[in-house]
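Structural features, examined
If you want the building blocks of each chain, they are given just below.
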Amino acid sequence: GDSVTQMEGPVTLSEEAFLTINCTYTATGYPSLFWYVQYPGEGLQLLLKATKADDKGSNKGFEATYRKETTSFHLEKGSVQVSDSAVYFCALIGVDTSYGKLTFGQGTILTVHP
Amino acid sequence: DTEVTQTPKHLVMGMTNKKSLKCEQHMGHRAMYWYKQKAKKPPELMFVYSYEKLSINESVPSRFSPECPNSSLLNLHLHALQPEDSALYLCASSLDSQNTEAFFGQGTRLTVV
């Protein structure tokens, strides 16, 4: 079945540091890939998405590129802020998945210090 | 309007109570979902409605009963819950149920006492 593996956290950075959160997946064909962010006490927000190989999703300074050859969708940001502290989930919808079922990674807790 | 609205935000209920969680969206989405999220874990799918019909039930206990009165509303009726059912319950919607991104509500924080 489909699966998503994220780098284990927590990740702690200083403000303005470079961020990478690794995400790799196992799925047949070309799944749709997503990053969701969950701020403390809130629901999930869609951060960015990519639906085909070599697509780059971007939003709020975050970027991720769909790499079919390495089955990866790593999240990056050049300069993090304290307000980026949250839990980040990598997720996919597989081509054989019925009814838009999201498969999530375990989540990565990011803490950014001033 | 790109919001999924859930009410209430917090709910405390006893094990003999009956309560309902509500979810509403006005984006014209035809697929709606209930997820359960325990602390420090990813969301787990419970139910999927597609065009107001129940399409997926992920082997959820019958003490959870979903309802989709119309294309904009989704309810989750709760009865005789257990303390281990305490969690964040998230509603989501998507344009349809084929490979399109889901938009989540803020969730209902449920505590069963």
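Now for a description of the structure that goes with this document.

Each value, and the rule that gives it
- Each chain carries its own residue numbering, running from 1 in the direction its sequence is written.
- Chains carry letters and ligands carry numbers; both start at the beginning, A for chains and 1 for ligands, and go up in the order they are written.
- Under the rules for a predicted model, residues below a pLDDT of 70 receive no local features and side-chain atom pairs below 80 are neither given nor counted, while totals for whole chains, interfaces and linings still include all residues.
- Just so you know, side-chain values use all the structure's heavy atoms and leave hydrogens and water out.
- In this scheme, strands are said to pair when DSSP sees at least two bridges between them.
- Helix and strand definitions follow DSSP, with helices as H or I runs of at least four residues and strands as E runs of at least two, each counted in order from the N terminus.
- The axes used here are C-alpha line fits, helices contributing only the stretch in contact, and every angle between their N-to-C directions lies in the interval 0 to 180 degrees.
- Pairs of residues are marked as contacts when any of their non-hydrogen atoms sit within 4.5 Å.
- Two parts lose some accessible area (1.4 Å probe) when they are put together, and adding that loss for both gives the buried area.
- Salt bridges are defined by distance alone: a side-chain nitrogen of Lys or Arg within 4 Å of a carboxyl oxygen of Asp or Glu.
- Lys, Arg, Asp and Glu make up the charged group, whereas Ala, Val, Leu, Ile, Met, Phe, Trp, Tyr, Cys and Pro make up the nonpolar group; the residues left over, Gly among them, are polar.
- The buried label applies to any residue whose accessible area, calculated with a 1.4 Å probe on protein chains only, is under 20% of its type's maximum; exposed applies above 50%, and partly exposed to all values in between.
- Disulfides are defined in this document as cysteine sulfur pairs within 2.5 Å.

Overview of the sheet that holds strand β8 (residues 62-65) of chain A
All names here are of chain A. Taken together, four strands build an open sheet; the order of strands is β3-β9-β8-β7 and the sheet is antiparallel. Of all strands in the sheet, those with a lone pairing partner are β3 (19-21) and β7 (56-59), marking the two edges. Across the sheet, the mean angle from the axis of one strand to that of its neighbour is 15°, orientation sign disregarded. Two elements, β8 and strand β9 (residues 75-77), share three bridges in a ladder whose sense is antiparallel. Along β9, the bridge assignment pairs E63 with E76.

Overview of the interface of chain A and chain B
Counting residues at the interface gives 20 residues for chain A, matched by 23 residues for chain B. Both sides together, the interface formed by chain A and chain B hides about 1900 Å², and carbon and sulfur atoms give 55% of it. Across the contact surface, chain A and chain B share two salt bridges. In this structure, E58 of chain B and K101 of chain A form a salt bridge, with 3.0 Å as the shortest nitrogen-oxygen distance. Within the residue set of the side of chain A that touches chain B, elements represented by two or more residues are β5 (32-38), β6 (44-50) and β10 (86-93) of chain A. Top element by residues in the side of chain A that touches chain B is β5 of chain A. It accounts for four residues. Along the lines of polarity and charge, the residues of the side of chain A that touches chain B split into nine nonpolar, eight polar and three charged.

Brief notes about the pattern of salt bridges
Pairing is possible between side chains that carry opposite charge, provided their charged atoms lie close to one another. For the structure shown, the criterion picks out seven salt bridges over all chains. A salt bridge links K49 of chain A to E101 of chain B; the shortest N-O distance between them is 2.9 Å. Of the two residues, K49 of chain A is situated in strand β6 and E101 of chain B in the loop between β9 (87-94) and β10 (103-104); the pairing between them involves two chains. Given the relative accessible area of 34%, K49 of chain A is considered partly exposed. According to the relative accessible area criterion, E101 of chain B is buried, its value standing at 17%. Between D85 of chain B and R63 of chain B there is a salt bridge whose closest N-O contact spans 2.7 Å.

Focus: the pairing of β7 of chain A
Residue and element names in this part refer to chain A. Of the strand pairs in this sheet, β7 and β8 are connected by four bridges, and their pairing is antiparallel. Within β8, the position partnered with S58 by the bridge is E63. The antiparallel hairpin formed by β7 and β8 contains two residues in its connecting segment, where K60 sits at a positive phi of about 55°.

Some thoughts on the state of the cysteines
As used here, a disulfide is simply a covalent bond connecting the sulfur atoms of two cysteines. Residues and elements named next belong to chain A. Taken as a whole and judged by the stated rule, the model has two disulfides over all chains. Bridging C23 to C90, the disulfide has an S-S length of 1.9 Å. Between C23 and C90 the sulfur-sulfur dihedral comes to about -70°; the bridge is accordingly left-handed. With C23 in strand β4 (residues 23-26) and C90 in strand β10, this pair connects stretches of sequence that are 67 residues apart. Just as C23 is buried, C90 falls in that class too.

Without other data, these values stay purely geometric and don't point to any function.
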